[in-house]
Amino acid sequence: MAKRDYSLLGPDGARAVETGLAAAEWYHTDVPRKVMKDLMTRSDAPAIRDTIILYGCMIAFAAGGIALWGTWWCVPFWLAYGVLYGSASDSRWHECSHGTAFRTPWMNNAVYEIASFMIMRNSATWRWSHARHHTDTYIVGRDPEIAIMRPPAFAKVILAFFGIPDVIAFIPRMIRNALSGPTAEEKTFVPQSEWGKVQRVAIIYTAIYAATIALALALHSILPLMVIGLPRLYGAWHHIMTGLLQHGGLADNVIDHRLNSRTVYMNPVSRFIYWNMNYHVEHHMFPMVPYHALPRLHETIKHDLPAPNRSIAEAFREMWPALKRQLAYEDFFLRRDLPPTAKPYREDFHKAALGEAIPAE
Amino acid sequence: MPQWIRACATDDIDEEDLIRFDHGSATYAIYHSPDGKFFATSGKCTHEDVHLCDGLVMGHLIECPKHNGQFDYRTGEAKRAPVCVNLKTFATKVDGDDVYIEVP
Ligand code: FES
């Protein structure tokens, strides 16, 4: 059984480069060019509508929470505000980092910067880490965004629902970035021309948090932190719940997104918060398709993909036992059957990487 | 010694679209702009080894299909992260119904 080294400077990453697993050509379902062009078409309207709803709800819920502060009635308002701040910001950060949410570039950039601050990711660093995640999705030692490493650290996964590991990692990193720019690991994927920007962004974030803490101290109240900062903890659960499902329990070190990514049908509220990233195989295969066209892309290519999970609960029922198996046996992963209409997985090609799999129930 | 070679017919590329064109060991992208002109660049993104032909043309920009980096295909200028290095461009001309590019 192979022990995995997830460090971006470690031997697994070096081996992936040597063997050609890094920056490889990935499997794509064939889609006629005209259909794909239509799916890729950009539009401002859906994202403007969703952004007005999002920010409008955030203002209304925060106002309710502040007005009812000191009574139990404020709790539902903060819970709702928190999930929009600490979870919807993840999907806005994601979609705007691809530049696909809006047609107009400044709109993508504005929402990206706000979302990056809320989700506590340096906007200059994470643009690049996410590019690497798309080049080398779940390639050990190459992908800086592997949410569940093997063997899974369950305590960390549980704490992640409350944002704790992310925030603990973010604060010292932000201060370090503010003082001296990107770390050695960050320098492996952020080009040198951007190192100054990483530092500038970290200085701005540090200043905003310092001002918020100063206001809280001056008011002798945590209320300012309920609006800025703390919702990253008390509202993180939804983006962790949906994020774990993206790749959890599936294969690593493969170059077919059907083997390492999961599509899950979700309720409309979760899809709004998650901006349709539940169509995750589709998103990885065709990252140029905007979030609002992913349901159409799904209909176009589903004949070539494993059947999606029918709900969040069903997907967890599939993933969780697989993660538990990985505690004892790191090489274990779920392998979903393809429909008869699909092009088969390339067994020969993936054999070395695949280890041992069982078919998903 | 640069030479003009035929790349495609004018109606092989829809307006605001591109195609891939291989010649010898080199690969190129040929663009048909919304104002009816033709342009040519090297066929692969400067960020990673990815063909641009599956990308999206929007006005005078080509967006790479892998990480959504953008170039102005008229000048090759890198316009959006993660691309930082400009694309090489090549001269084009239309003769009758054919598009030619000048290759090195
Ligand atoms: S390969 Fe073109 S933007 Fe990354």
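So, here is what we can say about the structure in this document. Model, not experiment: these values are computed from the prediction. (Residues numbered from 1 in each chain as written. Chains lettered and ligands numbered in written order. Predicted model: local features only at pLDDT ≥ 70, side-chain atom pairs only at ≥ 80, totals over all residues. Heavy atoms only, no water.)

1. Observations regarding the packing of helix α4 (residues 74–98) of chain A against helix α6 (residues 123–135) of chain A
All names here are of chain A. It is the contact of α4 with α6, at a shortest axis distance of 10 Å, that shows an interaxial angle of 80°. It follows from the interaxial angle that α4 and α6 lie roughly perpendicular. On α6, the residues that touch Trp93, His94, Ser97 and His98 of α4 are Trp126, Arg127, His130 and His134. A breakdown of the residues in the contact of α4 with α6 according to their chemical character gives 2 nonpolar, 5 polar and 1 charged. (Axes fitted to C-alpha atoms, helices over the stretch in contact; angles between N-to-C directions. Helix = DSSP H or I, 4+ residues; strand = E, 2+ residues; numbered from the N terminus. Parallel < 35°, antiparallel > 145°, perpendicular 65-115°, else oblique. Contact = heavy atoms within 4.5 Å. Nonpolar A, V, L, I, M, F, W, Y, C, P; charged D, E, K, R; others polar.)

2. Quick look at the interface of chain A and chain B
If you look at the interface, chain A gives 20 residues, while chain B gives 22 residues. Of the roughly 1,600 Å² buried between chain A and chain B, counting both surfaces, carbon and sulfur atoms make up 49%. Here chain A is connected to chain B by 4 salt bridges. The salt bridge involving Lys37(A) is made with Asp17(B); its shortest N-O contact spans 3.4 Å. On inspection of chain A and its partner chain B, the count reaches 13 residue pairs in polar contact (both at pLDDT 80 or more). Listed by contribution, the elements that provide at least two residues to the side of chain A that touches chain B are α2 (33–40), α4 and α6 of chain A. Broken down by element, the side of chain A that touches chain B gets its largest block of residues, 5 residues, from α6(A). (Buried area = accessible area lost by both parts, 1.4 Å probe. Salt bridge = Lys/Arg side-chain N within 4 Å of Asp/Glu carboxyl O. Polar contact = N/O pair within 3.5 Å; in protein donor to acceptor, adjacent residues only side chain to side chain.)

3. So, helix α12 (residues 237–247) of chain A
All names here are of chain A. For α12, a buried count of 10 out of 11 residues is recorded, marking the element as mostly surrounded by other parts of the structure. Those residues of α12 lying buried are His238, His239, Ile240, Met241, Thr242, Gly243, Leu244, Leu245, Gln246 and His247. Note on α12: the residue one or two positions beyond its end, Gly249, has a positive phi of about 80°. (Buried < 20%, exposed > 50% of the residue type's maximum accessible area, 1.4 Å probe, protein only.)

4. Quick notes on a nonpolar patch on the surface
Residue and element names in this part refer to chain A. A cluster of nonpolar side chains, namely Ile158, Leu159, Phe162, Ile164 and Ile168, defines an oily patch on the protein surface of about 460 Å² accessible area. The set of elements that each furnish at least two residues to the nonpolar patch consists of α7 (154–160) and α8 (164–180). Structurally, the position occupied by Ile168 is in helix α8. For Ile168, a relative accessible area of 58% gives the class exposed. (Patch = residues over 30% accessible without salt bridge, like charges linked within 9 Å, V, L, I, M, F, W, Y side chains within 5 Å. Areas by Shrake-Rupley, 256 points an atom, 1.4 Å probe, with all protein chains shown as cover.)

5. Notes on the packing of aromatic side chains
Residues and elements named next belong to chain A. Counting across every chain of the model gives 15 aromatic pairs over all chains. Taking 5.7 Å as the distance between ring centres and 80° as the angle between the ring planes, the aromatic pair formed by Trp78 and Tyr81 counts as edge-to-face. Of this pair, Trp78 and Tyr81 are both found in helix α4, 3 residues apart, which corresponds to roughly one turn of the helix. The class for Trp78 is buried, based on a relative accessible area of 4%. Cation over ring: Arg92 sits above Phe272, and NZ or CZ is 4.9 Å from the ring centre. Here the basic side chain of Arg127 rests over the ring of Tyr112, its NZ or CZ set 4.4 Å away from the ring centre. (Phe/Tyr/Trp six-rings, centres within 6.5 Å; stacked < 30°, edge-to-face > 60°. Lys NZ or Arg CZ within 6 Å of the ring centre and 35° of its normal.)

6. Description of the side chain of Asn260(A)
All names here are of chain A. When you line up the elements, Asn260 lands in helix α13 (residues 257–260). Side-chain polar atoms of Asn260 contact the backbone oxygen of Thr137, separated by 3.3 Å. Setting aside anything within four residues of it in sequence, one finds Asn260 in contact with Trp26, Thr137, Tyr138, Gln246, His247, Leu250, Ala251 and Val254.

7. Some words on unusual backbone geometry
In this chain, Arg150(A) is followed by Pro151(A) through a cis amide linkage whose omega measures -5°. Relative to the helices and strands, Pro151(A) resides in the loop between α6 and α7. With omega at 10°, the peptide bond leading from Ala81(B) into Pro82(B) counts as cis. The phi dihedral of Met120(A) is positive, around 60°, even though this residue is not glycine. Within the secondary structure layout, Met120(A) lies in the loop between α5 (105–119) and α6. One non-glycine residue, Trp275(A), lies in the positive phi region at around 50°. Looking at the element boundaries, Trp275(A) is found in the loop between α14 (268–274) and α15 (280–285).

8. A closer look at the pattern of salt bridges
Counting across every chain of the model gives 27 salt bridges over all chains. Asp14(B) is the salt-bridge partner of Lys34(A), the closest N and O atoms lying 2.9 Å from each other. Placement of Lys34(A) in helix α2 and of Asp14(B) in the loop between β1 (3–9) and β2 (17–23) is noted, with the two residues assigned to different chains. When its relative accessible area of 60% is taken as the criterion, Lys34(A) is described as exposed.

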